[in-house]
Amino acid sequence: MIVVMDLQAPEREIQAVEDVLQEYGYSCHLIRGEKRLVIGAVGSAGSEIPPALETMPGVEKVMRVLQPYKLVSREMKPDDSVVTAGSLRLGGGTVAVIAGPCAVESQDQLRATAHAVKAQQAAALRGGAFKPRTSPYAFQGLMAEGLAYLHEISAETGLPVVTEVINPADVEMVAATADIVQIGARNMQNYPLLKEVGQLRKPVLLKRGLSATVEEWLMAAEYIMAAGNYQVILCERGIRTFETATRNTLDVSAIALAKQLTHLPVIADPSHAGGHWRLVKPLALASLAAGADGLLVEVHPDPARALCDGKQSLTPEHFVELMAAVKAILPALGKTLCTGSGQ
Ligand code: PEP
Ligand code: MN
């Protein structure tokens, strides 16, 4: 249920409403939008609406949320949420590009990539220290050593860091380095992990599961928000279909739909969607045309020698081309590039 409050309602009126809702078994989430102040009241199915609620001071109206996801829905918050991490800004009319290697492989590899993407106005650096690999024999990431390199090179370049956590027990350690904590496609429905990152007070980038419906994806985001962390970024990274010519199928419709169903920023990962570097630029442009607020792109200084996802990684030269193409279409989309790092 949504309780729309008078934008000027004093703290004591908000508190009084929350007290009544809590008495009826609801948990309350205060959401301050640009034009509305709402209390998102989440209860169990069939929870009774407190009878006097609508007449309480400061209350404008009370509405039921029809979608199964509540805090995530646009019904709850009509205006776009903007998620920031340092100089990175996602949502609300800008486009930000997050770029870097699939996996952190060495200090030199990460440093070379970070400087190359920064020179092209990437707004943040990505790189996995913990890699969820299909094969147990494949490179699993440098783990703590990888986090140390991310920390160091983030400080050197000023680029905020996006890196994945795969184990609930490692959330605190990863969050100490990450400016944005990534939940990978394989873990989208790992509920203990979602609850754990819900305890953080820093952004979480939630990738869509390989075979997840849009509703399942948004429900996964609801887990994080229900735990009190409202800084969630959704990432469409392609889904599994009958098509085998591409690694996954980029679900462009899901980007457009998610932008309608939720106020959260939605970005796209054209690298994992297409699975080939030649597909990255066209899929990136299609994603932005469909309304994506940003891109997550894999870049490697020497893709042929990459320990992970080399085939889909752009060289720094290809990344120059991608950024030129992105910049060229932004005016038509009425958006500007979030350049980060004060560039
Ligand atoms: C990644 O970002 O490198 C990754 C493992 O992505 P996904 O979870 O989308 O497969
Ligand atoms: Mn990858």
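Thresholds, definitions, all that
Residues numbered from 1 in each chain as written. Chains lettered and ligands numbered in written order. Predicted model: local features only at pLDDT ≥ 70, side-chain atom pairs only at ≥ 80, totals over all residues. Heavy atoms only, no water. Near = heavy atom within 4 Å. Polar contact = N/O pair within 3.5 Å; in protein donor to acceptor, adjacent residues only side chain to side chain. Nonpolar A, V, L, I, M, F, W, Y, C, P; charged D, E, K, R; others polar. Disulfide = S-S within 2.5 Å. Pairing = 2+ DSSP bridges. Helix = DSSP H or I, 4+ residues; strand = E, 2+ residues; numbered from the N terminus. Axes fitted to C-alpha atoms, helices over the stretch in contact; angles between N-to-C directions. Contact = heavy atoms within 4.5 Å. Parallel < 35°, antiparallel > 145°, perpendicular 65-115°, else oblique. Left-handed = near helix turned anticlockwise from the far one by under 90°. Domains from an automatic or database assignment.

## Concerning the site of ligand 1
Neighbouring ligand 1 are the residues C102, R126, K131, E164, Q182, G184, A185, R186, K207, R237, H272 and E298. One nitrogen or oxygen atom from the side chain of K131 is found 2.9 Å from an oxygen atom belonging to ligand 1. Between ligand 1 and A185 there is a distance of 2.7 Å, counted from an oxygen atom to a backbone nitrogen or oxygen. Among the residues making up the shell around ligand 1, the classes are represented as two nonpolar, three polar and seven charged.

## Topic: the state of the cysteines
As used in these notes, a disulfide is a covalent bond between sulfur atoms, one from each of two cysteines. Evaluation of the coordinates by the stated rule reveals zero disulfides. Among the cysteines around C235, which has no disulfide bond, C102 carries the closest sulfur, lying 13 Å off.

## As for the sheet that holds strand β3 (residues 37-42)
Taken together, four strands build an open sheet; the order of strands is β2-β3-β1-β4 and the sheet is antiparallel. The open sheet has two edge strands, β2 (27-32) and β4 (59-63), and neither has a second partner. Looking at each pair of strands side by side, their axes are set apart by 20° on average, direction ignored. Sheet topology places strand β1 (residues 2-5) next to β3; four bridges connect them, and they run antiparallel. Bridging from a neighbouring strand, V4 pairs with V38 of β3. Set on the sheet, helix α1 (residues 11-23) makes contact with β1, β2, β3 and β4; between it and β2 the angle comes to about 150°.

## A short note on the packing of helix α5 (residues 191-198) against helix α6 (residues 214-226)
Put simply, α5 and α6 touch, their axes get as near as 7 Å, and they point 45° apart. Accordingly, the angle class assigned to the pair α5 and α6 is oblique. Here α5 runs over α6; the crossing is right-handed. Contacts between α5 and α6 involve Y191, L194, K195, V197 and G198 from the former and A220, Y223 and I224 from the latter. When its residues are assigned to classes, the contact of α5 with α6 shows six nonpolar, one polar and one charged.

## Notes on the domain arrangement of the protein chain
Domains assigned within the protein chain are domain 1 (2-63) and domain 2 (83-337). Here the C-alpha centroids of domain 1 and domain 2 sit 35 Å apart.

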